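In case you want the letters, here they are:
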Number of protein chains: 2
Amino acid sequence: MPTGDRSAIRLSPMEVPKASDVLANELREHILSGVYPEGTPLPPERELVVQTRMSRTTVREALRILEVQGLIRIKAGRAGGAFVQRPGEESVASSLELLIRGRQIRLASVHETREAIEPSCARLAAQHRTTGDLVRLESANAAIAASGDLDEFLGNNVDWHVAVATASHNEILTGIMMALSRAIYTTTDNEGFINAEVRDIAVRAHRSVTRAIKERDADAAVRRMARHVHSYAAAALEVEDRTTVSVPEED
Amino acid sequence: MPTGDRSAIRLSPMEVPKASDVLANELREHILSGVYPEGTPLPPERELVVQTRMSRTTVREALRILEVQGLIRIKAGRAGGAFVQRPGEESVASSLELLIRGRQIRLASVHETREAIEPSCARLAAQHRTTGDLVRLESANAAIAASGDLDEFLGNNVDWHVAVATASHNEILTGIMMALSRAIYTTTDNEGFINAEVRDIAVRAHRSVTRAIKERDADAAVRRMARHVHSYAAAALEVEDRTTVSVPEED
DNA sequence: CGTGGTCTAAAGGTCTGACCCAATCTAACA
DNA sequence: TGTTAGATTGGGTCAGACCTTTAGACCACG
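What follows deals with the nonpolar core. Counting 90 residues, the largest nonpolar core has A:Ile172 and B:Ile172 as its most contacted members. Dropping the residues within four chain positions of it, B:Ile172 is found in contact with A:Leu96, A:Leu99, A:Ile100, A:Ile105, A:Ser109, A:Val110, A:Thr113 and A:Leu180.

See below:
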């Protein structure tokens, strides 16, 4: 008689979660439920040890997990410890950045995504902008016009686009835009295709989008932003094709 | 003479990285540079200890960081260890999920984002779809039509939308859509606004979008998807307004 | 005064070494 | 020829010590 038939009891494969994961999940649920306001200190590690009867190693691993996920911030020293933090745009941005870098994603994909997102950002910005948003947009634009070397120009450029996203008052879109901007920023700087003319065109496009946002003209904002992003993407990709050998094909 | 002026020397706040972060960054750069193909095993922990002259605690914390970031996968047991893994859509999805849950983001933001993204997904899908994508789309649609209870319907619904994103062959958009879908899935199920009529409308809308993708009619795909998502969002938000008390105002 | 030195307590960071558990391989055994 | 009982190699956990960083208090000296 084969071993497995001795008993009628049948069990499905079971998962044995790690102790640190259990603790991390527990704490995460508490944090996400919103019971603790931002900045609430968690108990010190040694206190968690006695409360949970786990070892300090385990407790620390759990805290490390939450820290990487952006749910807590850990300070050393007296009056230090783990403090509740609500996940922000940067955590989304950094994970998107990992995806883009790690998968060596075609620059085309990044631009496609921008073309999908930015017009909508512009629309929402036109609808929801505050005067404070306007100030930021215009000062960002001024900084672009006044910027000297390429690096400064690109940085200010990114700032303006992120400012538009911020003005949309949509945290998800903002997070995504931050990530895409960073990706483009780090991949574009080695190209020399940004000459004075291109910069001038960009400044003017930004100004016209800003104006539409100021006048709460959603449709114009969408249209102008779409055109701006599209032409920028086309130019960048053209340079890509000239500089790189491989041209990845679809389908 | 005020205190701060005695010396002209100015320093910015300095960062003292932790040992585990140093190691994690080092390993991360190696992984992201793409030198190690997916699945390459990292040295065992004890081996890393002798190589880096750090303690096992430190090494393990570094590995935990990379694991949470989705850059390695850790298996226990003999022939186990840490294996290189390229970050996938799920890591983006989960971080977006944290953002949405943790910030208790208005459902309106999620729908806004969907309205921004999905039409573009549809366009790209129409342009880049393979026949395999088509099969998946159609079977997903069939599953929706045949689904019984609400939960099953919602799950299949999500599957179809993700299938559209997948057919766009844009990993960034796919990751975002996965996250948004999950968020909507988990926040919608408690509402009873999905009756037979709504479901029927959804199925028909999906079919028409699928047809446009099949015929590579990008413009129609965009248009139909935009209409579908918009009406769905409007319906969901209307129910929201009826059920919840607070109506967050903008500006 | 205020500037700097010193001390102390609290907290995270690191290290050591041991042991436990899981997965796999292997070789002996029925 | 299967089976099965070690043996081996790996991660997971634990306990405890020590180091480093920070805040705060206190003091001493110019």
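Further notes follow.
Time to look at the relation of the copies chain A and chain B. When chain A is brought onto chain B, the operation consists of a screw motion whose angular component is 180° and whose axial shift is 0.0 Å, with 0.1 Å RMSD remaining. Such a combination of turn and shift is consistent with a two-fold rotation axis. In this assembly the copies share their binding face: 100% of the residues contributing to the interface of chain A also contribute to that of chain B.

Around DNA strand D, the structure places 23 residues, and the nearest of them are A:Ala19, A:Thr58, A:Arg78, B:Arg46 and B:Arg56. Looking at DNA strand D alone, sugar and phosphate atoms form 57% of those within 4 Å of the protein. The separation between a phosphate oxygen of DNA strand D and a polar main-chain atom of A:Ser55 is 3.1 Å. Taking B:Glu45, its main chain carries an N or O atom lying 3.2 Å from a phosphate oxygen of DNA strand D. Within the residue set of the surface near DNA strand D, elements represented by two or more residues are helix 1 (19-32) and helix 3 (56-68) of chain A together with helix 2 (45-52), helix 3 (56-68) and strand 1 (72-75) of chain B. For the surface near DNA strand D, the per-class residue count stands at five nonpolar, seven polar and 11 charged.

Turning our attention to unusual backbone geometry. Residues and elements named next belong to chain B. Although it is not a glycine, Arg-53 adopts a positive phi angle of roughly 60°. Among the structural elements, Arg-53 can be located in the loop between helix 2 and helix 3. Exposure remark for Arg-53: the relative accessible area of 77% places this residue in the exposed category. Phi at Arg-216 takes a positive value of approximately 55°, unusual for a residue other than glycine. With respect to the secondary-structure elements, Arg-216 resides in the loop between helix 9 (196-214) and helix 10 (218-243).

About the criteria used
- Residues numbered from 1 in each chain as written.
- Chains lettered and ligands numbered in written order.
- Predicted model: local features only at pLDDT ≥ 70, side-chain atom pairs only at ≥ 80, totals over all residues.
- Heavy atoms only, no water.
- Core = buried A, V, L, I, M, F, W, Y, C linked by side-chain atoms within 4.5 Å.
- Buried < 20%, exposed > 50% of the residue type's maximum accessible area, 1.4 Å probe, protein only.
- Contact = heavy atoms within 4.5 Å.
- Least-squares fit on C-alpha atoms with pLDDT ≥ 70 in both.
- Near = heavy atom within 4 Å.
- Polar contact = N/O pair within 3.5 Å; in protein donor to acceptor, adjacent residues only side chain to side chain.
- Helix = DSSP H or I, 4+ residues; strand = E, 2+ residues; numbered from the N terminus.
- Nonpolar A, V, L, I, M, F, W, Y, C, P; charged D, E, K, R; others polar.

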